[in-house]
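So you can see what is in the structure, the chains are spelled out below.
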Amino acid sequence: MSSVCVHGLGYIGLPTAAMLANYDHTVFGYDTDESIRERLRRGEVHLDEPGLRAFVTQAIESEQLEITDEVVPAKYQIICVPTPFDEGEKTATLDYIRDAAQALLSQLREGDTVILESTVPPGTTVTELQPILEESGLVAGDDFALVHCPETVLPGNIITELRENNRLIGGVNGVSTESAVRLYESFVNGDIRTTSDPTVAEFAKLIQNTYRDVNIALSNEVARLAHDYEINSREVIDFANEHPRVELLQPGLGVGGHCLPIDPWFLGADSDQLDLIERARAVNDRMPEFVADLLQTALGDLDDTKVAVLGVAYKANVDDTRMSPGLKLARELGRNKTMPVATDGGATDGIEIAMHDPHVADPTLDLCELEDAIENADAVVVATDHDEYESLDPTRFSERMAGTVIVDTRGCLDSAVWQGEGFELQQL
Ligand code: SAJ
């Protein structure tokens, strides 16, 4: 068993630290945010992820995981810090990685292994991280091992996927790769595949999310085409997927979260070859506009109407609203009004937008109860496919709503039932 220091205790670093600790490694967890460190020491987990609280508590109570106030010396140093997206420049901000490398400098010893797990533009491990670490006087590959090992876990299923997913490991040389493989082998049940260098691993990670984004863009285009042909896009996609080599994903209000809408841009950091990938991004980003147009057509005029948006989390059954398509739609609906809608929804002078989400408890968002959201609404948009929305009762809606327009962007509702209740249901 080894000593491991995990730098960054967010959605990836915290479960990784707890996993290693629960597999008997001696783990030190460090986060620059003092309040996170204090909460963890009190046994409070600051992230909403199934099973994480118990998993972290087990690691801390067994004393295999210690929360520290600085980076401490360890055989393995794992960096799991964010790489925030600069929306204007469409680039990754690498400051946290540079800061993490600086914080590590004085603790780095001969024989250690440094692992970067953060999602980064191709080349980052070698061109950004390595030069800073080598200011220690130690040489990557000779004196210490250096690898990129991208995280691949799905929010909502992180603990299982940490153990079960295949992992990619790319070191600056064979010795580096082998050292990291030994650590991941101790808890990963999936295959561990080694790439020829860190840049291949960085690139492959970005392509995994890009593949999904481009695939969804094709489904979203199918949805727009199907609308013109007056057929159901999900039926088309189901039948197209009958072919053994076709696997289209599902259309929707757009692609949110902190991965799919962002990672494709990282591929353009050192290249001007983005083409299809950029188009796919634009197709997905335009979906809220498409749905706003559907509403406009269905309601005639959006002035003096009330629209309820159900679901502001970026996807089903999570509380995360980063790059949320539902919030984007609320902004889009307010765009043409004289008083722009606030980023958190709320009313303008011409259209009232009410938002509901059973998973989100963000006080900065003007969310309301479902009954209040649909009360006197002229239209309802189902923006996120939370489990709760699959069992919505149309009678409850017809009793409260003023209008009959429902746009189900995630295919949650049973169209025959809702149409039978007299609703004008449109599904993407
Ligand atoms: N979505 C659709 N249609 C679909 C599937 C998803 O519109 O058929 C939308 C969702 O509603 C959501 C967005 O795409 O708004 C992203 O959701 P997601 O479930 O596809 O992915 P994330 O962002 O939660 O997590 C992804 C995962 N990547 C892949 O599956 C290739 C996860 O494994 C990564 O670890 C994560 O990104 C990451 O951290 O990079």
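Residues numbered from 1 in each chain as written. Predicted model: local features only at pLDDT ≥ 70, side-chain atom pairs only at ≥ 80, totals over all residues. Heavy atoms only, no water.

### Description of unusual backbone geometry
Just so we agree on the cut-off: Comment: elements are numbered from the N terminus, with helices defined as DSSP H or I runs of at least four residues and strands as E runs of at least two. Exposed residues in this analysis have more than 50% of their type's maximum accessible area, buried residues have under 20%, and partly exposed residues fall in between, with area computed by a 1.4 Å probe over protein chains only.
Of note in this structure, D24 is not a glycine but carries a positive phi near 75°. Looking at the secondary structure, you find D24 in the loop between α1 (13-22) and β2 (26-30). For D24, a relative accessible area of 49% gives the class partly exposed. Despite not being glycine, K90 shows a phi value in the positive range, around 55°.

### Some thoughts on helix α13 (residues 325-334)
What counts is decided by this rule: Residues are treated as being in contact if the distance between any of their heavy atoms lies within 4.5 Å. N or O atoms within 3.5 Å of each other form a polar contact, as long as, within protein, one can give a hydrogen and the other can take it, and as long as residues adjacent in sequence are counted only when both atoms are side-chain atoms.
Burial runs high along α13: eight of the ten residues are buried. For α13, every residue scored as buried is listed here: P325, G326, L327, L329, A330, E332, L333 and G334. Buried residues belonging to α13 abut α12 (287-299), β11 (305-310), β13 (351-356) and β14 (379-382). The backbone nitrogen of G326 has a side-chain oxygen 3.2 Å away, supplied by the residue at the start of α13, namely S324.

### Focus: the domain arrangement of the chain
Convention followed: Start and end positions for the domains come from either an automated domain assignment or a database one. Two parts placed together each lose some accessible area; with a 1.4 Å probe, that loss summed over both constitutes the buried area.
The domain boundaries assigned to the chain delineate domain 1 (3-196), domain 2 (197-285) and domain 3 (286-428). Contact residues are listed per partner, giving 23 residues for domain 1 and 17 residues for domain 2. Of the roughly 1,700 Å² buried at the junction of domain 1 and domain 2 (both faces included), carbon and sulfur atoms supply 72%. It is F85, T119 and P122 that lose the most area in domain 1 upon contact with domain 2, and together they represent 30% of the buried surface on that side.

### Focus: the environment of A54
Among the structural elements, A54 can be located in helix α3 (residues 52-61). Each C-alpha atom, one on A54 and one on G43, is 9.5 Å from the other, the two residues being eleven residues apart in sequence.

### Structural notes on the nonpolar core
The line we're drawing: Definition used in this section: a nonpolar core is a set of buried Ala, Val, Leu, Ile, Met, Phe, Trp, Tyr and Cys residues joined via side-chain atoms within 4.5 Å.
Grouped together as the largest cluster of nonpolar side chains are 38 residues, with contacts concentrated most on I78 and I115. Elements represented by at least two residues in this core include exactly β1 (3-7), α1, α2 (34-41), α3, β3 (65-68), β4 (76-79), α6 (158-164) and α7 (174-185). For I115, the residues in contact, after removing those within four places along its chain, are Y76, Q77, I78, I79, V147, C149, A180, L183 and Y184. The next biggest cluster of nonpolar side chains, apart from the first, holds 32 residues, and it includes Y30, V72, A92 and F144.

### Some thoughts on the site of the ligand
Quick reminder of the rule: We call a residue near a molecule or strand whenever a single non-hydrogen atom of that residue lies within 4 Å of it. The Shrake-Rupley method, run with a 1.4 Å probe, gives the accessible areas here. Residue values count only the displayed protein chains as cover.
Surrounding the ligand, one finds 21 residues, the nearest of these being E151, V153, K205, R212 and Y314. Within the side chain of N209, one N or O atom sits 2.7 Å away from a nitrogen atom of the ligand. A total of 770 Å² of accessible area belongs to the ligand in isolation, and the protein chains cover 87% of it. Considering every element that reaches the shell around the ligand, the biggest residue donor is helix α8 (residues 198-229), with five residues.

### Topic: a nonpolar patch on the surface
Counted only if it meets this: Surface patches are drawn from residues lacking salt bridges whose relative accessible area is over 30%; two like charges belong together within 9 Å, two nonpolar side chains (Val, Leu, Ile, Met, Phe, Trp, Tyr) within 5 Å. Take a side-chain nitrogen of Lys or Arg and a carboxyl oxygen of Asp or Glu: if they are within 4 Å of each other, that pair is a salt bridge.
Together, L225, Y229, I231 and V236 make up an exposed nonpolar region whose accessible area comes to about 420 Å². Structurally, the position occupied by Y229 is in helix α8.

### Overview of the sheet that holds β1
Put simply, the test is: What makes two strands pair is DSSP finding at least two bridges between them. Comment: axis = line fitted to C-alpha atoms, over the contacting stretch for helices; angle = value between 0 and 180 degrees taken between N-to-C directions.
A sheet is described by the order of its strands in space; here eight strands give the open sequence β3-β2-β1-β4-β7-β8-β9-β10, paired in mixed fashion. Strand pairing shows two members of the sheet lacking a second neighbour, β3 and β10 (192-194), which therefore form its edges. Put simply, the sheet's adjacent strands are angled 25° from each other on average, direction ignored. Sheet topology note: the β2/β3 ladder contains four bridges and is parallel.

### With respect to the pattern of salt bridges
The full count for this structure, using the stated rule, is 17 salt bridges. As a salt-bridge pair, D112 and R109 come within 3.5 Å of each other at their nearest N and O atoms. Taking relative accessible area as the criterion, R109 reaches 40% and is therefore assigned partly exposed. With a closest N to O distance of 2.2 Å, R396 and E371 form a salt bridge. Of the two residues, R396 sits in helix α16 (residues 394-400) while E371 sits in helix α14 (residues 370-374), which places them 25 residues apart along the sequence. Under the relative-accessibility criterion, E371 is labelled partly exposed at 24%.

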